[in-house]
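# Close look at the chain arrangement
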Amino acid sequence: MATARDVARRAGTSTAVVSYVFNDGPRGVAPATRQKVLDAAAELGYRPNALARSLSSGRTHSIGLIVPDICNPYFAELARAIEDAAGVRGNLLLIADSALSAEQERRHTRSLVERQVDSVVLVSVCDEPDLGEFFEAGIPVVALHPISDRERASSITIDYEAAAQRATEHLLAHGYGSIVLLNGPVESTGARQHRAGFDRAVAGAEGVRAWTIRSEISRHDAAESAYTLLRGTDRPRAVYCTTDEQAFGVLYAAHRAGLTVPDDLAVVGFDGTRNCLVSIPALTTVQQPTEAMARRVVEILAGRTVNDDPVHEVLGFEFVARASSGGPAPGSA
């Protein structure tokens, strides 16, 4: 088995330079020299020992990711994007599914601390997740959703309030006179922002009836809640859902209730998963910048410590009008 010494001899460098190349520091290496080392390693079939690298650098080159439900296509797409971005930097992504359980999330927190991951990306099921174990272990955290603990944890998100307002204004521009907000099951920071944007949009719309219902973030739960709503005497003309998964449930409920989308009921989602393109009809949605978010979170976590000041970034979103809401609203660009 080839060693770092063999690679250094072949490349005409020192073993320290080989270490700098494969550990990405602590000292920089000239591009030409780096390429010589990589070429020599490829020729010799050299692979650095991950355990030895961890012992010498004090880093495991691993990132923990906690998501609420890996079966949700949005979180699956997010995990894939983060894994791709982490891999470019030589990091392994450890994915933990909290299964919509706060207790499971706490267990995963302890497990990732025990495995000494270098950093953590968190999408919590809690409005105020307990991050104390991470901070005590010196593990920096970036949340990919609105958080209340902005003094210690960093965050990358989009403006949920602006997105909800944009989606609701789209429905109003179509002339729909009764609109329901299908929010999440708990009063989280994100849920409050969705409601604030929804309320702001309808506040200036004369004669429009608007109200809120809740469901779990799943197609099945949303379908049951929506079916009850659509079979009642006070059926709305449009529904804004705070996730695509809920929106798909509403589409099913409309079909079950004998309604046509969008002629009888308009539906808008939020997240922008690939499934939006293959639903019937295609789903209007707020497109989250999943890949940009993934690249940015890995960039922020590279070399970050818990002593650094938190970073809070708000990325842009795209509103994509499709058939489920009646397509682009009249007069829209």
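Just so you know, the residues in each chain are numbered from 1, in the order the chain's sequence is written. This being a predicted model, a pLDDT of at least 70 is required before a residue's local features are given, and a value of 80 or more before pairs of side-chain atoms are given or counted; all residues contribute to the totals for chains, interfaces and linings. Here the side-chain values reflect all heavy atoms present in the structure, with hydrogen atoms and water set aside.

As annotated in an unreviewed UniProt entry, the protein is LacI family DNA-binding transcriptional regulator from Nocardiopsis tropica.

## Considering the overall build of the protein
A tally of regular secondary structure across the protein gives 12 helices and 12 strands. When accessible area is computed with a 1.4 Å probe and restricted to protein chains, residues below 20% of their type maximum are described as buried, those above 50% as exposed, and intermediate ones as partly exposed. Within the protein, buried positions represent 49% of all 333 residues. Partitioning the contacts of the protein with sequence separation of at least 6, the portion at a separation of at least 24 is 69%. Areas reported as accessible are Shrake-Rupley estimates using a 1.4 Å probe. Residue values count occlusion only from the protein chains shown. If you sum the accessible surface of the protein, you get close to 15800 Å²; carbon and sulfur atoms cover 49% of it. Strands here are runs of E lasting at least two residues and helices are runs of H or I lasting at least four, both read from the DSSP assignment and numbered beginning at the N terminus. Contacts are residue-level and defined by heavy atoms, with any inter-residue pair within 4.5 Å sufficient.

## Focus: the pairing of strand β2 (residues 92-97)
Only strands that DSSP links by at least two bridges are regarded as paired with each other. Pairing of strand β1 (residues 62-67) with β2, which is carried by 6 bridges, proceeds in the parallel orientation. The residue bridging V67 from the neighbouring strand is D97, located in β2. Consider the strands pointing away from the viewer: the crossover is right-handed when the path from the first strand over the helix to the second runs clockwise. For the handedness criterion, the β-α-β arrangement of β1, helix α5 (residues 73-88) and β2 is classed as right-handed.

## Examining the nonpolar core
Grouping buried Ala, Val, Leu, Ile, Met, Phe, Trp, Tyr and Cys residues that are joined through side-chain atoms within 4.5 Å yields what is termed a nonpolar core. Ranked by size, the top nonpolar core spans 44 residues in total, and within it I82, V121, L144, L171, Y240 and V297 carry the most contacts. If one sorts the elements of this core by residue count, α5 sits on top with 8 residues. Excluding anything up to four places from it in sequence, V121 contacts I63, G64, L65, I66, I82, V142, L144, V297 and L301. The next biggest cluster of nonpolar side chains, apart from the first, holds 23 residues, and it includes A226, A257, V261 and L283.

## Brief notes about the side chain of T284
Relative to the elements of secondary structure, T284 occurs in strand β10 (residues 284-287). On the accessibility criterion, T284 (0% relative accessible area) is buried. Polar contact is the term for a pair of N or O atoms within 3.5 Å; when the atoms are in protein, one must be able to donate a hydrogen and the other to accept it, and sequence-neighboring residues count only if both atoms are side-chain atoms. For T284, the side chain forms a polar contact with the main-chain nitrogen of R322, separated by 2.7 Å.

## Observations regarding the environment of W211
Among the structural elements, W211 can be located in strand β7 (residues 209-214). What makes W211 partly exposed here is its relative accessible area of 22%. Taking the C-alpha atoms as reference points, W211 and E187, 24 residues apart in sequence, are found 15 Å from one another. Setting aside its immediate chain neighbours within four residues, W211 contacts S178, I179, V180, L181, F198, L229, D234 and P236.

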